[in-house]
Amino acid sequence: MTSPASPEAPTTPKCLFCRIVAREIPATIVWEDEHALAFKDLNPQAPVHCLVIPKRHLVGIHHAGKDDVDLLGRVFHGAREAAELLGVSGTGYRLVVNQGEHAGQSVFHLHMHLLGGRPLAWPPG
Ligand code: AMP
Ligand code: ZN
């Protein structure tokens, strides 16, 4: 495991989401800028469900260090831009980051879920 402070490779070739960034795997891209990418989740849990990722590989939020705060801000910004483009900015939406085993993280490239298009229950399971 990489410690938060250590440098990461820009992309990790075998990582699923790095392969989406590299356009090696198809995805429905909703929004992108130089540093972040938003694309539709393959198994949507709400009428609007997309994932916002940093283009640079980071395993998860707990692997982000102080040097990554700008990048994390860009991911948040991507989420608000995607929400606008997907038409849920007025009705509201939820942003979720699953970190590690108990949260059920299944893809180990940091991603923020953007969920909306219906009322969302609270607390989550
Ligand atoms: P998590 O459980 O938080 O790690 O979320 C991983 C998410 O990635 C799940 O919601 C999956 O449906 C989604 N996912 C997995 N593979 C793909 C893919 N190739 N394209 C889009 N979404 C994917
Ligand atoms: Zn990756």
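Residues numbered from 1 in each chain as written. Chains lettered and ligands numbered in written order. Predicted model: local features only at pLDDT ≥ 70, side-chain atom pairs only at ≥ 80, totals over all residues. Heavy atoms only, no water.

**Examining the site of ligand 1**
In the vicinity of ligand 1 there are 16 residues, among which D41, N98, S106, H111 and H113 approach most closely. H111 is positioned with one of its side-chain polar atoms (N or O) 2.9 Å from an oxygen atom of ligand 1. At 2.8 Å from an oxygen atom of ligand 1 is found a side-chain nitrogen or oxygen belonging to H113. When isolated, ligand 1 has an accessible area of 510 Å², and the protein chains bury 84% of it. The pocket occupied by ligand 1, as judged from atoms lying within 2 Å of grid points, is the largest pocket. (Near = heavy atom within 4 Å. Polar contact = N/O pair within 3.5 Å; in protein donor to acceptor, adjacent residues only side chain to side chain. Areas by Shrake-Rupley, 256 points an atom, 1.4 Å probe, with all protein chains shown as cover. 1 Å grid on protein atoms, 1.4 Å probe; cavity = no way out; pocket = protein on both sides within 12 Å on 5 of 7 lines; lining within 4 Å. Sits in = over half its atoms within 2 Å of the grid points.)

**Side note on the coordination of the zinc ion (ligand 2)**
Tetrahedral metal sites with four donors have an ideal angle of 109.5 degrees; octahedral sites with six donors have ideal angles of 90 or 180 degrees. Each protein donor to the zinc ion (ligand 2) is listed here as C15 (SG), C18 (SG), H57 (ND1) and H109 (ND1); together their distances run 2.1 to 2.3 Å. Geometry at the zinc ion (ligand 2) is tetrahedral, judged from the 4 donor atoms that bind it and their angles of 105 to 120° at the metal. Mapping the donors of the zinc ion (ligand 2) onto the primary sequence yields the spacing C-x2-C-x38-H-x51-H. Neither C15 nor C18 differs from the other in exposure class; each is buried. (Donors = N, O, S within 2.8 Å, 3.2 Å for Na, K, Ca; no water. Tetrahedral: all angles 85-135°; square planar, octahedral: opposite > 155°, others 65-115°. Buried < 20%, exposed > 50% of the residue type's maximum accessible area, 1.4 Å probe, protein only.)

**Section: helix α2 (residues 69–85)**
With 17 residues, α2 should cover 24 Å at 1.5 Å per step; its first-to-last C-alpha distance of 24 Å lies within 8% of that length. Here the buried face of α2 lies against β1 (29–32), β2 (36–40), β3 (48–54), β4 (93–96) and β5 (112–116). Two residues or fewer after α2 comes G87, characterised by a positive phi angle close to 80°. (Helix = DSSP H or I, 4+ residues; strand = E, 2+ residues; numbered from the N terminus. Expected span 1.5 Å × (residues − 1). Contact = heavy atoms within 4.5 Å.)

**Some remarks on the nonpolar core**
The tendency in soluble globular proteins is for nonpolar side chains to be buried as a group. Counting residues in each nonpolar core, the largest one holds 14 residues, and the members touching the most others are V30, W31, A38, V52, A82, M112 and L114. Residue assignment for this core shows that the elements contributing at least two residues are β1, β2, β3, α2 and β5. For this core, the element with the most residues is α2, which contributes 4 residues. Apart from the residues within four sequence positions on either side, A38 is in contact with T28, I29, V30, W31, L51, V52 and A82. If you look at the next biggest cluster of nonpolar residues, it comprises 10 residues, including C18, L37, L51 and V107. (Core = buried A, V, L, I, M, F, W, Y, C linked by side-chain atoms within 4.5 Å.)

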